Amino acid sequence: MVEVAVTIQFVNNVLFAALALVAYRQWRARRDEPTAWVAATFGVLAAVLLAGHVLPEQSSSTGLLWARKALMALLLLFPYALYRFAASFQPRHGKWDRFAGASFGAVLLVTAVLPPAAGAPGDRAWWWTVYVAGALAYWSTLSIYVSVQLWRAGHGKSTVARRRMRVLAAAASVLNAALLIAGSAPRPDDVTWSTVAIGVLATVSAVLFFMGFAPPRLLRVAWRRPEELALQQAQLGLMAATTPRQVLDLLLPHGMAVVGATGAALLDTHGRVVGSAAVSAEWASAHADDDADPLRLPLASGQLVLWAGPHTPYFGREELDLLARFGVVIDLAWVRCELLEHQRETMARLEEAQRIARLGAWEFDLSTGAITWSREMYRICGLEEGTPVTFGAFQRMVHPEDADVVMAETARTIEGVTPTSMDYRIVLPDGAVRTLHGQGQVVRGAGGAPARLVGTAHDITERKAAEHALNAAYEGERAARMAYERANEELESFVYSVSHDLKSPIISLLGYLDYLKLDYGSLLPPEALHYIERMSSSAGYMEALIQDLLELSRIGRVQTEPAVVDLDRVVPEVASELSASHPAASVHVDALPTLLVNPVRARQLFTNLIGNALDHGGRADVHVRVRTEHAGPDGATVVVEDDGRGIPPAYREKVFGVFERLETPDDDGGTGIGLAICRKVMDSLGGSIAVADAAQGTRMCLTFPASALAAAASTGVAAS
Amino acid sequence: MTTAPIRVLVADDNEDHRFLIVRALRDADGLALEVDSVEDGEEALDLLYGRGKFAGRARPHLVLLDLKMPRVSGMEVLERVKADPALRDIPVVVLSSSDRPEDVSEAYRVGGNSYITKPSTSAGMRAGVAELSHYWTRLAVLPDTGE
């Protein structure tokens, strides 16, 4: 028994010394409050154990007594240090702190003033028992407090942290138990079963302390397995994630699980809360900047914040490394998902564009015969998206009338190099006929052989319909115009034939009237002669009217070749002819352009205009002037003006009407068709005639287009 | 030049026009003319061939021919006259109210010597007829009619 006890004692000494060493090294490495108290705790214990061996058992020397008291004090430091260790994770708990401090102080004091224990352990004085009981009570209270604290704090933590904390709690309890047994043992010096029990309990507690404060790597790995598994799951999930949302949904709960956090949140690069787990987003953004608590993991997408409790940095140190590894995977997944998202958006925009444009895309693999259609292509063809399509099926959709063209063009596309295009109709499953504008190009594989055809099909049914409608409208207009022109022609034809037929009886009438005057004029009374005169005049007017009507109708009907007409020659001739019957009037002709027109019409034009000026001027000595107002490559304007009566503004357009006259027929013998003929001549040349403003008299403006001018216009040539 | 009266044939279906033309011919001074007038193509041919009603009549020296006539049209008369070697050298002047280019070119094509559109005024008619008769009776050489 003794050997066993001694062995156990030796083992305990080694263990506790090792613990102290480990604790010291931890403190040296980290130098934070928890490690400091741990080092204090076990340093104290080891010192006590070692010193206990060194110091003799019983002695009465004063130095030894004080040494024993010092050792006692150190021993009593153990629970206090342990308490301070446990309390270092939490903000100060005022009540307990005071109690711990007070009780430690009290015990210390008592230890100092206590007289040495005399006599055998069995018959110590009562105060000794009280002292021991008090010390044990002090130790147990603090120890239980620490155990309970650590045990409860382990809840919800990562496995390693939890195990370590609970193991520590157990260790403290076991040591406490050992102490209690030691304290209540009657004869501690005798080696009995209780001694062995105490030793064993101490060993157990040492081992437990080791597991709690400095667990070996294998143990940590074993304990860490659930978190490792969780992490693997998360990684698998992240690799499969295709949207940033999925990444978020994986990283928060798994991040929490890895470090045993009570809440997690993801912040973006601006610090805004993007998502949170176990806590609300408002709470997260309020507490994100707490310096004390949260663990922060920087990510490509921002920052992962985990509220893991104060114990994690000490107990869960490796989990933080796991988390860092996790962070790398998250970043990869996040970047990938963002790329995918971007690509999805681009695809969606592309498809939207296709949809709006009613443009479908297709691909035809020439070797396998497989056809791939875009979503819009399916829609255009009235098929369910994803329906398998073969070339044969497509062929069957093509309108029978366009089938040959489509086949020929497809063959051409395969042979060719540049894209081809064609319009063709398809018949949809519901019977509707749509017109498509297809474009295609061959893609050649290695070696130059055609590999596949790619292209688009644009639904242009509406556009074609609009084109047809436009064409129909245009055709309708054209038909209307032709009908109008035909009606016009018929009218002209009618005027011509009526006028022509009227000529015969006019000839007879005029002839007989003349011979009546000639042969029998002398026999007739003056009144009879007057009647004959009136008849002749009317008949003469009729003749002039018919002549002019024939002219008017002929302008459109009879097309004669235009010739070069030098107005500088023609107009003076016309002027001198007309002047013969108006001796008092004067006609002045300036330089005039050379025209490319029908010579007869040109003559007619100026005969009418100058004749009008001379006849309707209102006085015998009217002065007429013909001049060029403008001549250039764009056309020419010739003006016939006189200083006669002028045309009132209200009539300036009316005078060009057929039969429109400003005076009674008596006065001038004009038929009222002259200006209508002039207008018709100008219209047929593509020019115009109008009455222009004039201070006095009449100014007729003739505008000849460039097409009516001879190539060599004679400007600046003096009039003859 | 002959001193015998010159025979002129006027063919026109319009009796008034016939009167006017014949009167104009007669009034044209300095000419001794014998004027016959017929009212259709049939009669014109009869006279030209000296048959039927006009059997034994000598050929005219000059023919003034209207185109629009019943039974046989003026164009047909013209064609026949100019196709017949015995008659083709008689000058035939078409005197028609038609001014259609197709009539004009057809008349010349079948051999008409001249085409004159009937003047509408009586002065014009008188002057025109006088001029043409002067031309054909004085300035041109009339064929020998074998008298």
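Preceding this section is the structure that the text describes.
All values reported here derive from a predicted model rather than from experimental measurement.

> I'm lost on helix α7 (residues 193-213) of chain A in this one. Help?
Every α-helix carries 3.6 residues per turn, so stepping three or four residues along brings you back to the same face. Counted at 1.5 Å a residue, the expected span for α7 of chain A with its 21 residues is 30 Å, and the 30 Å between its end C-alpha atoms agrees. Of the positions making up α7 of chain A, those classed as buried are S194, V196, I198, G199, A202, T203, S205, A206, L208, F209, G212 and F213 of chain A.

> What's the story with the pairing of strand β8 (residues 420-427) of chain A in this structure? I'm lost.
The two faces of a sheet get side chains in turn, since along a regular strand they alternate between them. Residue and element names in this part refer to chain A. Burial of β8 is one-sided: the residues T420, M422, Y424 and I426 facing one way are buried, the residues S421, D423, R425 and V427 facing the other way are not. Taken together, the eight bridges between β8 and strand β9 (residues 433-444) define a ladder with antiparallel strand orientation. Within β9, the position partnered with M422 by the bridge is G438. In this structure, the hairpin formed by β8 and β9 is closed by a connection of five residues, where G431 is found at a positive phi of approximately 95°.

> I tried to follow the interface of chain B and chain A on my own but got confused; where do I start?
Often the size quoted for an interface is simply the accessible area lost on bringing the parts together. Taken together, the contacts link 22 residues of chain B with 16 residues of chain A. At the boundary of chain B with chain A, total buried surface from both sides reaches about 1,600 Å², with 51% on carbon and sulfur atoms. Where chain B touches chain A, the interface holds two salt bridges. Those elements that place two or more of their residues in the side of chain B that touches chain A are α1 (15-27) and α5 (122-139) of chain B. Per-element accounting of the side of chain B that touches chain A gives the leading share, eight residues, to α1 of chain B. In the side of chain B that touches chain A, the residues fall into six nonpolar, eight polar and eight charged.

> Help me out: how do you make sense of the sheet that holds strand β4 (residues 92-96) of chain B in this one?
In a beta sheet, neighbouring strands pair by backbone hydrogen bonds and run either parallel or antiparallel. Residue and element names in this part refer to chain B. Read from one edge of the open sheet, five strands run β2-β1-β3-β4-β5, paired in parallel fashion. Unpaired on one side and paired on the other, β2 (33-38) and β5 (114-117) mark the two borders of the sheet. Neighbour-to-neighbour, the strand axes of this sheet turn through a mean angle of 20°, independent of strand direction. Together, β4 and β5 form the strand contacts of helix α4 (residues 101-109), whose direction differs from that of β5 by roughly 155°.

> How do you make sense of the packing of helix α6 (residues 159-184) of chain A against helix α8 (residues 217-240) of chain A when you look at a structure like this?
The description of two helices packed together rests on the angle between their axes and the distance between the axes. Residues and elements named next belong to chain A. The geometry of α6 relative to α8 is characterised by a closest axis approach of 7 Å and an angle of 130° between their N-to-C directions. With respect to each other, α6 and α8 are oriented oblique. Mapping the contact onto sequence places T159, V160, R163, R164 and V167 in α6 and R220, W223, R224, P226 and E227 in α8. Taken together, the residues that form the contact of α6 with α8 break down as four nonpolar, one polar and five charged.

> Would you explain the sheet that holds strand β16 (residues 688-692) of chain A in this entry?
All names here are of chain A. Reading across the sheet, the five strands line up as β12-β14-β15-β17-β16 and stay open at both edges, with mixed pairing between neighbours. Two strands close off the open sheet at either side, each with one partner strand: β12 (586-589) and β16. Strand after strand, the sheet turns through a mean of 20° between neighbouring axes, direction not considered. The pairing of β16 with strand β17 (residues 698-705) spans five bridges and is classified as antiparallel. Note that in β17 the partner of A690 across the bridge is C701. In the packing of helix α18 (residues 567-579) onto the sheet, contacts are made with β12 and β14 (623-632), and the angle to β12 comes to roughly 180°.

> Explain the pattern of salt bridges to me, please; I cannot follow it from the model alone.
Oppositely charged side chains can pair when the atoms bearing their charge come close. Here the structure, examined in full by the defined rule, presents 51 salt bridges over all chains. Here K517 of chain A and E533 of chain A are joined by a salt bridge, their closest N and O atoms 3.3 Å apart. In this pair, K517 of chain A is assigned in helix α16 (residues 461-520) and E533 of chain A in helix α17 (residues 526-557), connecting sequence segments 16 residues apart. Close ionic contact of E102 of chain B with R100 of chain B constitutes a salt bridge, the shortest N to O distance being 3.9 Å. For R100 of chain B, a relative accessible area of 37% puts it in the partly exposed group. Via salt bridges that share partners, R358, E376, R379, R434, D459 and E462 of chain A belong to a single interconnected network.

> How should I be thinking about the environment of G134 of chain A in this particular structure?
Along the chain, G134 of chain A falls in helix α5 (residues 126-153). Taking the C-alpha atoms as reference points, G134 of chain A and V110 of chain A, separated by 24 residues in sequence, lie 9.8 Å from one another.

> Is there a simple way to think about a nonpolar patch on the surface in this case?
All names here are of chain A. A surface patch of nonpolar side chains, amounting to about 370 Å² of accessible area, comprises L491, F494, V498 and L502. Turning to its location among the elements, F494 is positioned in helix α16. Classification of F494 by relative accessible area gives exposed; the value is 52%.

> Whenever I open this one, the pairing of strand β1 (residues 263-267) of chain A confuses me. Can you help?
All names here are of chain A. Burial runs high along β1: five of the five residues are buried. On β1, burial covers both faces: G263, A265 and L267 on one face and A264 and L266 on the other are all buried. Of the strand pairs in this sheet, β1 and strand β4 (residues 302-307) are connected by five bridges, and their pairing is antiparallel. Bridge assignment links G263 to a residue of β4, and that residue is W307. Across four bridges, β1 lies against strand β2 (residues 273-277) in antiparallel orientation.

> Help me understand empty space enclosed by the protein, please; the structure alone is not making it clear to me.
Any space left empty among the atoms is revealed by the rolling of a water-sized probe across them. Residue and element names in this part refer to chain A. A complete count under the given rule lists two cavities of 30 Å³ or more for this structure. The volume enclosed by the largest cavity comes to roughly 260 Å³. W362, F394, T410, M422 and Y424 are, among the 19 residues lining the largest cavity, the residues nearest its centre. Among the elements that line the lining of the largest cavity, the one with the most residues is β8, at four residues.

> Sorry, what's going on with the packing of aromatic side chains here?
For any pair of aromatic rings, the description rests on two quantities: the centre-to-centre distance and the angle between the ring planes. All names here are of chain A. Considering all chains together, one arrives at 23 aromatic pairs over all chains under this definition. When the centroid spacing of 6.0 Å and the interplanar angle of 70° are considered together, the rings of F42 and F78 count as edge-to-face. A residue pair is termed long-range when its members are at least 10 positions apart, and F42 in helix α2 (residues 33-54) and F78 in helix α3 (residues 62-87) qualify at 36 residues. As far as the burial class goes, F42 and F78 line up, both buried. Centre to centre, the rings of Y80 and F104 are 4.9 Å apart; their planes meet at 10°, and the pair counts as stacked. Taken as a pair, Y80 in helix α3 and F104 in helix α4 (residues 94-113) lie far apart in primary sequence, 24 residues in all. With respect to burial, Y80 and F104 carry one shared label: buried.

> How do you make sense of the nonpolar core when you look at a structure like this?
Note that soluble globular proteins tend to have their nonpolar side chains buried in a common cluster. Residues and elements named next belong to chain A. Within the largest apolar cluster, 51 residues are counted, with the highest numbers of intra-cluster contacts made by F42, F78, F85, F209 and F315. No other element matches α6, which puts 10 residues into this core. Not counting the four nearest positions on each side in its chain, F315 is found in contact with F85, F89, L150, V160, A161, R164, M165, L168 and G212. Of all hydrophobic cores here, the second largest spans 46 residues; its members include V570, F656, L702 and A708.

> Before we go on, may I ask you to explain the side chain of K69 of chain A in this structure?
Residues and elements named next belong to chain A. Relative to the helices and strands, K69 resides in helix α3. Given the relative accessible area of 10%, K69 is considered buried. Among the polar contacts listed, one links the side chain of K69 to the backbone oxygen of T111, at a separation of 3.2 Å. Ignoring sequence-local partners within four residues, the contact set of K69 consists of T111, A112, V113, L114 and P115.

Rules used in this analysis
Residues numbered from 1 in each chain as written. Chains lettered and ligands numbered in written order. Predicted model: local features only at pLDDT ≥ 70, side-chain atom pairs only at ≥ 80, totals over all residues. Heavy atoms only, no water. Helix = DSSP H or I, 4+ residues; strand = E, 2+ residues; numbered from the N terminus. Expected span 1.5 Å × (residues − 1). Buried < 20%, exposed > 50% of the residue type's maximum accessible area, 1.4 Å probe, protein only. Pairing = 2+ DSSP bridges. Contact = heavy atoms within 4.5 Å. Buried area = accessible area lost by both parts, 1.4 Å probe. Salt bridge = Lys/Arg side-chain N within 4 Å of Asp/Glu carboxyl O. Nonpolar A, V, L, I, M, F, W, Y, C, P; charged D, E, K, R; others polar. Axes fitted to C-alpha atoms, helices over the stretch in contact; angles between N-to-C directions. Parallel < 35°, antiparallel > 145°, perpendicular 65-115°, else oblique. Patch = residues over 30% accessible without salt bridge, like charges linked within 9 Å, V, L, I, M, F, W, Y side chains within 5 Å. Areas by Shrake-Rupley, 256 points an atom, 1.4 Å probe, with all protein chains shown as cover. 1 Å grid on protein atoms, 1.4 Å probe; cavity = no way out; pocket = protein on both sides within 12 Å on 5 of 7 lines; lining within 4 Å. Points joined across faces, edges and corners; volume = space filled by probe spheres on them. Phe/Tyr/Trp six-rings, centres within 6.5 Å; stacked < 30°, edge-to-face > 60°. Core = buried A, V, L, I, M, F, W, Y, C linked by side-chain atoms within 4.5 Å. Polar contact = N/O pair within 3.5 Å; in protein donor to acceptor, adjacent residues only side chain to side chain.

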